[in-house]
Amino acid sequence: MSEQNYRAFWDEALKQIHDEYKLKGLESEFKLWFNMEYVEDTIETITVSVPSDFMWISMVNKGYVNAVESKIAELSGQNINLTYILKKRNSQKESESINSVPKTATIDSENSNISNENEIDSEKKSAPINSVPTFKIHPQLSEDYTFEKFVKGENSEFAYSASLAAAKEPGRRFNPLLIYGGVGLGKTHLMQSIGNYIYNNPPEGKENIKICYISAENFLNEFTFSLRDGTSEKFKNKYRKLDVLLLDDIHFLEDKIQTQEELFYTFEELYRTHAQIVFTCDRPISELNGIEDRLKSRFSMGTTIDLQPPSYEIRKAILLKKLEIKKKSVPEDVIDFIAKNIQSNVRELGACLDKMIGYAELLQKNLTIDIAKKLLSDNISKVSDGSISIDTIQKVVANHYNISLSDIKGVKRNKKIAYSRHIAIYIARILTESSFNEIAAEFGGKDHSTIMHSYNTIELQLKTDESLNSTIDLLIREIKDYKKL
Ligand SMILES: Nc1ncnc2c1ncn2[C@@H]1O[C@H](COP(=O)(O)OP(=O)(O)OP(=O)(O)O)[C@@H](O)[C@H]1O
C-alpha cells in the first residue's frame, strides 16, 4: 500500500470522527484528544505526531487511538497501528547568525584524524552534515544522530566501528549489539545512527525495511496498554515482524518480569529471522538486578561494547564538530575551558556550549574566558567539587519545600513530598559523582531503578519547564552557600 493511500484513509477517518463529535457538540473534546498529525506510513503503521508523551499515553488510555485505528480499518479493510513521535517545537536549522563560523573555525587539522567522513562509504553516506535532500528521515529517529556527526576517539573507537559494521550488514556479524556506558556518552546517538544508516541504505530487496527505535520504558508502557486493551496480538505482530529493533535503556526493565518475558520471546523471534537487534544499557549486564538470567544471556550473547568518557582532545573535537554543525564560532580559549572542565558527560558538554552561544547572541557580546567561568560556574562545580554531600542536598531541598528530612528520604507518595524527593535525587546525581546505587542508599535504600526514574522525570521536565530550571539553579546556589557556612 502506498503512502498516499493510507494518507487518504487517515484524512477520511479523522473527518468522519470530527463530524461525529461536531454532531454531539463535542468540538473541543475532538480538538484535544485527536490532536495528532499524520507524518508518514509503512505497510502496517501510520506514524502521527503528538504534543507530548503524556498526551499520547492518555490518548491510548482513553481509547482515542483505538477509535482512529478502528475507523481506518473500517474504511480500508486493513489493520493499521498508529505509532507516534513528538511534534517538533520549532523548525531548527539556524542557517545564519551573528556568529556565523568562518571557514577556518570548523574542525581543524589538529583534529582532522578523528573525522569519520572517509570511513562511511563515500557513495552511500547516510546523513551528510550539510543537509542533503536525499536523506530520508525516519519518524522515530533524530536526523542529528548519524555516524557523520559522531566524533570518534580512543574511548569510542570500537563502539563506532562495531555500530557502523552492524549498520552495513544488519543481522549478520554484530547481532545482537549491546552498547553500555555512563550517562550522556553517546549510546543513543550510536544506536540511532545505526537506524538512520539502515533506513537510508536498506539491504537489497528490503526497500520497505521495518525499523523501530523505542526506549525500554515506552516498550513497557505499550505492552502494558496492549494487555489492558486486549490488543497484545497486535503488539506481538508489530515487534516480532521487525527487521531492526533498537531498544534503548534496557536497565529500565529491572524487576518488570512480564515485560521481560514478552521481550524474551520477541528477541527469540527476531534473532531467528536475522533481524538486527541493538540494546543500550547504563551499566554492564552482569550488574543488572531483577532481570531474568535467560534474558541477560540474550542481551550479551552478541557483541558487547563499553563506551567510556572521552579524553580532553576528543571533548574539544566534539565541541568543534557541534560548532561546525550549528555554523557558529566561539573563541578557542573558551572551547578549551569547557573541554577541560566538563569531563564526564557529552550531553552536558553540548549544553554548556549552547549556553555560551545563547548568551553571546542574546547580549551581542564577545565571549571571553571570564564570562565562560561565570556562566558555567554551576556546571563546572558539578564535576569538580567532590565535597558536596547528599545529606546537604537533602537538607536544603527539604528546607526549601518545607518538608522534613525524614520525609525526603522516606517512601511517602504525597505529591509535594514525592516531587521534592525527585528534585533532591536529580541534584544529587548532577552535583555529586555518586552512582544511582549510592544515591539509592542515601534515600532510605530505595531500588536503584526508582532513583533513576526520579532523575529521568526531572531531566525530561527540565527540557520544557523554564521555571523548574530556575528553581534547580536556585537550589544549587543554596546548596553551595550552605556548604560555605
Ligand atoms: N562522540 C560524540 N560525538 C558527538 N556527539 C556526541 C558524542 N557522544 C555524545 N554526543 C552527544 O551527546 C548527547 C548525549 O548523547 P546520548 O543521548 O547518545 O547519550 P546516552 O549515552 O544515550 O545518554 P543516556 O545515558 O542519558 O541515555 C547527544 O546530543 C549526542 O549527540
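Residues numbered from 1 in each chain as written. Predicted model: local features only at pLDDT ≥ 70, side-chain atom pairs only at ≥ 80, totals over all residues. Heavy atoms only, no water.

Within the chain, the secondary structure is distributed over 21 helices and eight strands. A burial count over the chain gives 50% of its 485 residues as buried. Long-range contacts, defined as pairs at least 24 residues apart, comprise 74% of the intrachain contacts of the chain with a sequence gap of at least 6. (Helix = DSSP H or I, 4+ residues; strand = E, 2+ residues; numbered from the N terminus. Buried < 20%, exposed > 50% of the residue type's maximum accessible area, 1.4 Å probe, protein only. Contact = heavy atoms within 4.5 Å.)

On to helix H11 (residues 312-326), then. Because an α-helix packs 3.6 residues into every turn, residues spaced three or four apart end up facing the same way. The first and last C-alpha atoms of H11 sit 21 Å apart over 15 residues, in line with the 21 Å expected at 1.5 Å per residue. Where H11 is concerned, the buried positions are Ile 314, Arg 315, Lys 316, Ala 317, Ile 318, Leu 319, Leu 320, Lys 321 and Leu 323. Turning to H11, the residues buried within the fold contact helix H12 (332-341) and helix H13 (346-363). Of the residues flanking the end of H11, it is Lys 327, one or two places downstream, whose phi is positive at about 55°. (Expected span 1.5 Å × (residues − 1).)

Further remarks concern the sheet that holds strand S4 (residues 177-181). The strands that make up a sheet pair up through hydrogen bonds in the backbone, lying either parallel or antiparallel. On the basis of which strands lie adjacent, the open sheet formed by five strands has the order S5-S6-S7-S4-S8 and parallel pairing. Every interior strand has two partners, whereas the edge strands, strand S5 (211-215) and strand S8 (303-307), have only one. Direction aside, the axes of adjacent strands within the sheet are offset by 15° on average. This element, helix H5 (residues 157-168), spans S4, strand S7 (276-281) and S8 of the sheet and lies at about 140° to S8. In the packing of helix H7 (residues 216-229) onto the sheet, contacts are made with S5 and strand S6 (244-248), and the angle to S5 comes to roughly 95°. (Pairing = 2+ DSSP bridges. Axes fitted to C-alpha atoms, helices over the stretch in contact; angles between N-to-C directions.)

With that out of the way, let us pick up the UniProt feature "binding site: ATP" (unreviewed entry) in the chain. In the numbering used here, UniProt assigns the feature "binding site: ATP" (unreviewed entry) to Gly 184, Gly 186, Lys 187 and Thr 188. On the secondary structure map, Gly 184 appears in the loop between S4 and helix H6 (187-200). The contact partners of Gly 184, leaving out residues within four places of it in the chain, are Asn 345, Val 346 and Arg 347. Looking at the element boundaries, Lys 187 is found in helix H6. What makes Lys 187 buried here is its relative accessible area of 8%. (UniProt positions renumbered as here; feature names shortened; annotations may be inferred.)

A few words on the side chain of Thr 47. The topology assignment puts Thr 47 in strand S2 (residues 45-50). Non-local contacts of Thr 47, meaning those with residues more than four positions away in its chain, are made with Glu 37, Tyr 38, Val 39, Glu 40, Thr 83, Tyr 84, Ile 85 and Pro 139.

It is worth spelling out the layout of surface pockets at this point. Of the volumes computed, that of the second largest pocket is approximately 400 Å³. In this structure, the second largest pocket is lined by 24 residues; those nearest its centre are Pro 170, Pro 203, Lys 206, Ile 209 and His 274. Tallied by class, the residues present in the lining of the second largest pocket amount to nine nonpolar, four polar and eleven charged. (1 Å grid on protein atoms, 1.4 Å probe; cavity = no way out; pocket = protein on both sides within 12 Å on 5 of 7 lines; lining within 4 Å. Points joined across faces, edges and corners; volume = space filled by probe spheres on them. Nonpolar A, V, L, I, M, F, W, Y, C, P; charged D, E, K, R; others polar.)

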